[in-house]
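Structural features, examined
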Amino acid sequence: MHLRIRAAIAFGILVFASHATAVDRRDSTDDNDSEMVVDTSHGDQLVNEYFRSETEKISSAVFADIKTLDDWQDRRQGYRDQLYEMLGLSPLPERTPLSPVITGSATEGDVVVENIHFQSMPGLYVTGNLYRPAKQDGPLPAILYVCGHGKVKKDGISYGNKTYYQYHGAWFARNGYVCLTIDTIQLGEIEGIHHGTYREGAWWWNNRGYTPAGVEAWNGIRALDYLQSRPEVDGQRIGVTGRSGGGAYSWYIAALDERIKVAVPVAGITSLKNHVVDGCVEGHCDCMYMVNTYRWDYPMVAALIAPRPLLISNTDKDSIFPLDGVVDVYSKVRSIYKLYENESHVGLHITEGPHSDSQELRIHAFRWFNRHLRSDNELINKTATPFFDIKQLKVFDSLPTDERVSTIHETFVPKWNSNPSTRPGRPKSAQHDELIQSLKRKTFGGWPQTAGSLDTKTIAEREADGMKVKAIQFTSQSPYRLTMFAVTPMSSAPPKMVNVVVLDQQAWQRVASGLAVVMPERFRGVTPDKQIWEQLRDESPTVPTVYVTPRGVGFTEWTRDPVRRTHIRRRFMLLGQTAAGMQIYDVVQALKAIGTLPSFESAEWRLRGSGDAAAWSLLASLFNDRIVEMSLIDLPVNNRDAPDLLNISKFTEIPQIAWTAADRVQTMQIGGSNIEQWKDEFSQIKKEDLSIIFCDDSVNGR
């Protein structure tokens, strides 16, 4: 449908309301310029309660419907396919030529080490050291050792974490194995990034469905290809191990690739409860985690190794892999081995100590491999010691100019083709339905499957200056009982139209200072501002306005400490959600709650938002049929700049969502400082096919 410009003046006023500077006593300074403390204890308590509840739901569902071996085997390949997807490996990348190169070798005693590199995909170099016995009669069992975070850097040169863990490779070679020790993309000779959301602010990794764990798993899978190409290796007897980060990659590689016959992940996995509720996520970078689209707890990863021999190894005082969580994972995965009647193939090894690569951990791992790869139960009589100078183990004299390691996060997970001119032509309705279904499955799969009662109630009502102000509470999702405020003209006739304004924190602070004039008891700590109240009153001379705040905004705001906020966002993603995704759910629920109010039950809605709130509003509009007009200011032009939503960049971009939403309403207006970018984005679409009106600054009243 073609859209017409309507209500431009009201549009401009509401835009101004969303953009004006916040007035909040909590953020002001006194005469001595000392900052006042913002009390977010209520919001912090709510989000912590939420994390406990959601984690329990996920954890209690693990294997709940697995009663027999047939149950498990019927589902196992589907679970494996999900894991591939959650690691960014679906579809699986092409197995391009490895192009292996041996750049040097060294011999110490009875051990030979070769310095190698191969490309797991073009430009994605994997550097490693291959350890083997100096004397060998026939193919030997092999171990893939994947490194944890062991930084070895001297005079600005990274020698790779493979050199830190060299004693493992040397021990295996001295005891009748071939061992390939490979660098990770971070702390390798070519330095990539593991800390995108942890410290780089790269929340768009969630949008792309990218995790460095996927790169590490893929590099491990291709390392198996390389090992099987070596004549010294018995390709049917390969094991995998590593500790800390390497422990995590050991889980993923063994779960995905059955060429791994024996696995010993060391200090690399624990329960979802430990990560989310107990805070272990704060000690881990992104390489530890899959993008948890299907809301797994970690026993699911472990169980995909069954019935192959698996030793879960950890220390009892490991602060980032706590004992209770490790035991929980073992207990649950043991139930799957029990279905195979093969409990002897799963073991739990706990030694005393902190998060460290102790000798006790190594010895049991060595014995486990000996038992299951060589049928050898002899005692260990050689210790694991480093043999080589780090310079002997360096692969590159100079780094390759065509390397993609340092930028692999940009390309590893393909991005949806967002160019309108190259999209296949299909009926809009089919495209729109497909988009909404993809959002439900891949992006908002963490939304409640069954919505509870909204229990919408007016908890306070005041009159001022010819207006009614109502505080209305509803339950979006336990424990989040949210409050909206309706500013309504004094009229007995039910309105035909209601303005619904979605507020981010900045806009909330301004609106709160105006509403505090009328309801001071509801806004303790906020400085009432009569001028702002008058503006709010004038914005609704004939049409009611309802101000909506999702979780994390207003009364439910959580901490403003940037580090703690980062890890709150990361906790959401471990639950198969994002903070923004659940804020969109709150807007969807708020619209439903407004529809239950007797005075508004027959009204249509104008939905408005600015910045992040514009993105929340846009996505929420796809799940409600009563919106007839939308006004979106400073709506991000691409996913990368928008609030993070799981996997969304795999199948759509913000302009496509805007186009879909525009075809569902009578009027959509887009304005703000990035209006020219929006015009450029749609410049290749015929005007008769474009259902969006662009409002320049003069229309916006700025």
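Further up the page is the structure itself.
Being a predicted model, the structure only gives us computed values, none of them experimental.

Regarding the packing of helix 14 (residues 428–443) against helix 20 (residues 654–662)
- Where helix 14 contacts helix 20, the two axes come as close as 10 Å, and the packing angle between them is 120°. Helix 14 and helix 20 meet at a crossing whose hand is left-handed. Judged by residue contacts, Lys428, Gln431, His432 and Leu435 of helix 14 engage Gln656, Ile657, Trp659 and Thr660 from helix 20.
- Of the residues in the contact of helix 14 with helix 20, the class split is three nonpolar, four polar and one charged.

Quick look at the side chain of Thr211
- Residue position: Thr211 is located in the loop between helix 7 (204–208) and helix 8 (212–229).
- When near neighbours in sequence (up to four residues on either side) are disregarded, Thr211 contacts Met86, Leu87, Asp286, Tyr289, Met290 and Val291.

Some words on the pairing of strand 13 (residues 467–477)
- Pairing of strand 12 (residues 457–464) with strand 13 involves seven bridges; the strand directions are antiparallel. Pairing of Lys457 across the sheet is with Gln473, part of strand 13.
- In this structure, the hairpin formed by strand 12 and strand 13 is closed by a connection of two residues, where Asp465 is found at a positive phi of approximately 55°.
- Pairing of strand 13 with strand 14 (residues 480–489) involves 10 bridges; the strand directions are antiparallel.

Let's talk about the pairing of strand 18 (residues 627–633)
- Across the seven residues that make up strand 18, a large majority, seven, are buried.
- Sheet analysis places strand 17 (residues 604–610) next to strand 18, joined by six bridges and oriented parallel. Within strand 18, the position partnered with Arg606 by the bridge is Glu629.
- What joins strand 17 to strand 18 is helix 19 (residues 612–621), and the crossover it makes is right-handed.
- One ladder, built from five bridges, connects strand 18 with strand 19 (residues 667–671); its direction is parallel. In the sheet register, Ser631 faces strand 19, and the bridge partner there is Gln669.
- Between the parallel pair strand 18 and strand 19, the chain is carried across by helix 20, and the sense of this crossover is right-handed.

Observations concerning the environment of Val346
- With respect to the secondary-structure elements, Val346 resides in strand 11 (residues 346–351).
- In the structure, Val346 is positioned 38 residues away from Arg308 in sequence and 8.1 Å away in space, judged by C-alpha atoms.
- Beyond its immediate chain neighbours, meaning those up to four positions away, Val346 contacts Leu310, Tyr330, Val333, Arg334, Tyr337 and Trp368.

Considering the state of the cysteines
- Following the criterion strictly, the structure yields zero disulfides and no others.
- With no disulfide partner, Cys179 has as its closest neighbouring cysteine sulfur the one in Cys147, 9.0 Å distant.
- Among the cysteines around Cys280, which has no disulfide bond, Cys285 carries the closest sulfur, lying 14 Å off.

With respect to empty space enclosed by the protein
- Inspection of the entire model under this criterion finds nine cavities of 30 Å³ or more.
- Taken as a whole, the largest cavity encloses approximately 100 Å³ of empty space.
- Around the largest cavity, the lining comprises 14 residues; the ones closest to its centre are Asn206, Thr211, Met290, Val291 and Met573.
- Classifying every residue of the lining of the largest cavity by side-chain character gives nine nonpolar, four polar and one charged.

What counts, and where the lines are drawn
Residues numbered from 1 in each chain as written. Predicted model: local features only at pLDDT ≥ 70, side-chain atom pairs only at ≥ 80, totals over all residues. Heavy atoms only, no water. Axes fitted to C-alpha atoms, helices over the stretch in contact; angles between N-to-C directions. Helix = DSSP H or I, 4+ residues; strand = E, 2+ residues; numbered from the N terminus. Left-handed = near helix turned anticlockwise from the far one by under 90°. Contact = heavy atoms within 4.5 Å. Nonpolar A, V, L, I, M, F, W, Y, C, P; charged D, E, K, R; others polar. Pairing = 2+ DSSP bridges. Buried < 20%, exposed > 50% of the residue type's maximum accessible area, 1.4 Å probe, protein only. Right-handed = clockwise from strand over helix to strand, strands pointing away. Disulfide = S-S within 2.5 Å. 1 Å grid on protein atoms, 1.4 Å probe; cavity = no way out; pocket = protein on both sides within 12 Å on 5 of 7 lines; lining within 4 Å. Points joined across faces, edges and corners; volume = space filled by probe spheres on them.

Scope: geometric values only; no functional claims are made or implied.
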